[in-house]
Amino acid sequence: MNLIAQGVGIGFLTSVISPLRDDIIKIKLLDQDLPHFVTSIAYRRSHIFTPLQQEILTEIRKSLN
C-alpha cells in the first residue's frame, strides 16, 4: 500500500483492503476495452497464511473460475 500511496504502484484487490487509506483512492475501470492482466502467485506448501493473505488468495481463486 505504501508504493500505491507514493504513486509508484497500483493495486487490483482493493475490495479486500479495509479500511482504505485516506491517501489512496479507488478508481473503477469502466473502459470498454479493458486490458488483460496476468498475475502469478507462488508460495511454499508449508506457508501459513494470515487472515488477510487467505482472503486475497480466495479472491484470486474465485476470479479464475
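Quick note: structure is the one above.
Counting from 1, residues in each chain are numbered in the order their sequence is written. Local features are withheld for residues below a pLDDT of 70 in this predicted model, meaning they are given only at 70 or higher, and side-chain atom pairs are given and counted only at 80 or more; totals for whole chains, interfaces and linings count all residues. Values shown for side chains rest on all heavy atoms present in the structure; no hydrogens or waters enter the calculation.

Caption draft 1: Local environment of the overall build of the protein chain. Helix and strand counts for the protein chain stand at two helices and zero strands. Categorising residues by exposure relies on relative accessible area from a 1.4 Å probe, with only protein chains included: less than 20% of the type maximum marks a residue as buried, more than 50% marks it as exposed, and the intermediate range marks it as partly exposed. The burial tally for the protein chain puts 5% of its 65 residues in the buried class. All accessibility values rest on the Shrake-Rupley procedure with a 1.4 Å probe; residue burial counts only the protein chains present in the view. Accessible surface, the protein chain: about 6,300 Å² in total, of which carbon and sulfur atoms supply 56%. Starting at the N terminus, helices and strands are each numbered in turn, a helix being any DSSP run of H or I of at least four residues and a strand any DSSP run of E of at least two.

Caption draft 2: Seen up close, the pattern of salt bridges. Salt bridges are defined as contacts in which a side-chain nitrogen from Lys or Arg sits within 4 Å of a carboxyl oxygen from Asp or Glu. Per the stated rule, a full pass over the model turns up one salt bridge. Taking the shortest distance from any N to any O, the salt bridge between K62 and E59 comes out at 3.2 Å. Linking K62 with E59, this pair stays in helix α2 (residues 51-64), spanning three residues, or about one helical turn.

Caption draft 3: Seen up close, the packing of aromatic side chains. Within 6.5 Å between ring centres, the rings of Phe, Tyr and Trp (the latter by its six-membered ring) count as paired, and their orientation is classed by plane angle as stacked under 30 degrees, edge-to-face over 60, tilted in between. This structure, assessed with the given rule, holds one aromatic pair. On the basis of an interplanar angle of 75° and a centroid distance of 4.9 Å, the ring pair of Y43 and F49 is categorised as edge-to-face. Judged by its relative accessible area of 38%, Y43 is partly exposed.

Caption draft 4: View of a nonpolar patch on the surface. Each patch is assembled from residues with relative accessible area greater than 30% and no salt bridge, linking like charges that lie within 9 Å and nonpolar side chains (Val, Leu, Ile, Met, Phe, Trp, Tyr) that lie within 5 Å. A surface patch of nonpolar side chains, amounting to about 300 Å² of accessible area, comprises L29, L34 and F37. With respect to the helices and strands, F37 occurs in the loop between α1 (2-5) and α2.

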